[in-house]
Structures are given as structure tokens and as C-alpha cells.
Amino acid sequence: MTSSAGSARPLRPEHAAADERSANRGGTDVGTVGDLQVGDAVEVLGLVAGLEHQAFARLADDSRQAPCLEQSLVLSRLSARCTERRDRVLARIEELGGDGPAALARFDVVLADFDARTPSSTWAERLLKAYVGYGVTDDFCRLAARGLDEESARLVADVLGDVSRSEVAVRELDRACAGDEVLSSRLALWGRRLVGEALGVVQRVAQRPEVARVLDRAGLAAATPHDAPAGNATPQAAPGVFTELTAEHTRRMSRLHLTA
């Protein structure tokens with residue numbers, strides 16, 4: 001799916017490789033990538049590892065709260081797979097000369113405010129939050145990966161290419177909403193709230209200097225408010241980032257037959 005922006009490209013994993021405009025397109029040899037670019041890559045990879053680490057804990061909790069044993073078993077297996085993906089990203093950070101645990105720790109609470117502001121009151125709301133809310137941050141990582149070196153970009157695409165978590169949520173939500181217009185309407189409203197809060201997380205992450213530079217290399221340059229005082233300007237994520245993220249959110253909601 002593409003957004004209305006002419007330069008936007010689909011966020012499907014197979015298209016999430018490094019952008020041709022990336023300054024890191026010299027191959028997998030770390031020596032060909034500048035120190036600054038390596039540091040920026042480590043920061044983005046730390047974000048991906050942090051999200052997978054939090055997904056591990058969240059899915060384990062989902063497994064505990066699942067309404068039936070079958071769902072509990074499925075979710076527990078998905079949780080275990082998160083650790084394998086996390087460790088692959090941490091290994092890449094080490095290859096680049098970074099400190100994996102330290103990079104992950106910088107994003108250890110990146111979703112804490114989002115979770116505090118969006119507590120789920122039902123199992124259906126919890127499933128939609130997993131599919132829609134956390135899906136926004138995964139999509140953002142796919143966008144940022146366009147500005148990474150080729151090896152790191154391929155890894156992010158592969159790590160985020162596992163659709164098992166999404167398929168579980170879609171299947172269960174389809175079953176719950178079948179013939180229940182009241183639930184569908186309530187979940188549509190819940191989805192709008194989730195995406196708004198998730199985009200707030202993205203805005204804060206995009207303001208980190210390292211992440212902003214990676215977005216710039218991906219052709220998604222950050223914008224600075226024109227009326228900001230000199231020397232005190234805080235970069236804002238470029239509109240194209242939110243255009244693509246919103247388009248992906250709409251696609252997810254449409255798949256559930258819910259109004260975005």
C-alpha cells in the first residue's frame with residue numbers, strides 16, 4: 001500500500017530494504033560506513049530490539065490472560081520467538097561495535113506512556129491494541145530501516161516480517177466481531193484512540209538525533225518548526241512518515257472491516 005505522497009513506498013517486509021538514496025549503501029563491511037552512521041544504526045537497532053523484548057513480555061502476559069488453552073499455547077510460542085528475533089538484532093549491534101544491552105536499554109520504556117494511556121478493558125481491546133497500536137511502531141521501524149546499511153536493513157525487514165502475531169489477532173477479532181455491530185463500533189473508536197497515541201510515541205522517537213539522521217538518509221528528512229527559536233529547534237518527523245503510518249493503519253483496520 002502506498003500513501004497519497006508520491007514518494008511513499010509500501011511498508012511490506014519485502015520492500016523494507018535500504019533506500020537507494022541511503023548514504024550507507026556500501027555493503028555489509030562496517031569499515032565502509034562512517035562512525036556516525038554506525039552509531040545511528042545502533043540506535044535504530046536498539047529500538048527494534050527493545051520492541052521485540054517488550055513484545056516477549058507482553059505476549060507472555062497475553063498467554064496468561066488468554067480465554068482458552070488453545071490461544072494460550074499459541075501466544076506462549078509467539079512470545080518465545082520474540083527472544084530469538086531480539087537476540088539476532090543484538091548480535092548485529094555487536095557486529096557494528098555497539099553494546100547490545102545498552103542500546104536496548106535506551107528504549108526499555110519507550111512504550112510505557114503508551115501503555116499507561118491505553119489500558120485495555122476487554123480481551124478484544126487487548127487484541128486490537130496488539131495489532132493496531134504496536135503495529136504502528138513496527139511500521140515506523142520499517143520506514144527507518146530504509147536509511148540503514150544493507151545488512152541491518154535486511155535484518156530489520158526479516159525480524160519484522162513475521163506476521164504470526166498479526167494473524168492471531170485478525171483471526172480472533174474477526175470471530176469476535178462477526179455479527180456484532182456494537183462491538184465493531186466500539187473497536188473502531190478504540191482503534192482511533194490507539195493510533196493517535198501510537199503516533200505520539202513515533203513523534204518522540206523521531207526527535208532523537210540518531211533516529212532523525214537515519215530518517216534523513218531514508219529520504220524522510222525531519223522538519224523543524226519555522227517559528228522555533230534559533231538553537232532551540234526540536235526536529236519533527238516529516239509529514240511523509242505520518243502519511244505512510246496512517247495509510248498502514250487504515251489498511252489494518254480495513255482488514256478487520258472496521259472504520260479507521
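Structure first, text after, so check above.
A. Molecular detail of the packing of aromatic side chains. Scanning all chains against the criterion turns up one aromatic pair. Centre to centre, the rings of Phe114 and Tyr134 are 5.6 Å apart; their planes meet at 75°, and the pair counts as edge-to-face. Taken together, the residues Phe114 in helix α4 (residues 112-117) and Tyr134 in helix α5 (residues 123-145) connect sequence positions 20 residues apart. Residues Phe114 and Tyr134 agree in their burial class; the two are buried. A cation over an aromatic ring shows up here: Arg58 above the ring of Tyr134, its NZ or CZ 3.5 Å from the ring centre.

B. Spotlight on the pattern of salt bridges. Counted by the stated rule, this structure contains 29 salt bridges. Glu95 is the salt-bridge partner of Arg92, the closest N and O atoms lying 3.0 Å from each other. Taken together, the residues Arg92 and Glu95, both in helix α2 (residues 69-95) and three residues apart, mark about one turn of the helix. Note on Arg92: relative accessible area 6%, which makes it buried. Note that Arg255 and Glu167 form a salt bridge whose closest N and O atoms lie 2.8 Å from each other. Separated by 88 residues along the polypeptide, Arg255 in helix α10 (residues 239-255) and Glu167 in helix α7 (residues 164-177) bring together distant segments of the chain.

The rules behind these values
Residues numbered from 1 in each chain as written. Predicted model: local features only at pLDDT ≥ 70, side-chain atom pairs only at ≥ 80, totals over all residues. Heavy atoms only, no water. Phe/Tyr/Trp six-rings, centres within 6.5 Å; stacked < 30°, edge-to-face > 60°. Helix = DSSP H or I, 4+ residues; strand = E, 2+ residues; numbered from the N terminus. Buried < 20%, exposed > 50% of the residue type's maximum accessible area, 1.4 Å probe, protein only. Lys NZ or Arg CZ within 6 Å of the ring centre and 35° of its normal. Salt bridge = Lys/Arg side-chain N within 4 Å of Asp/Glu carboxyl O.

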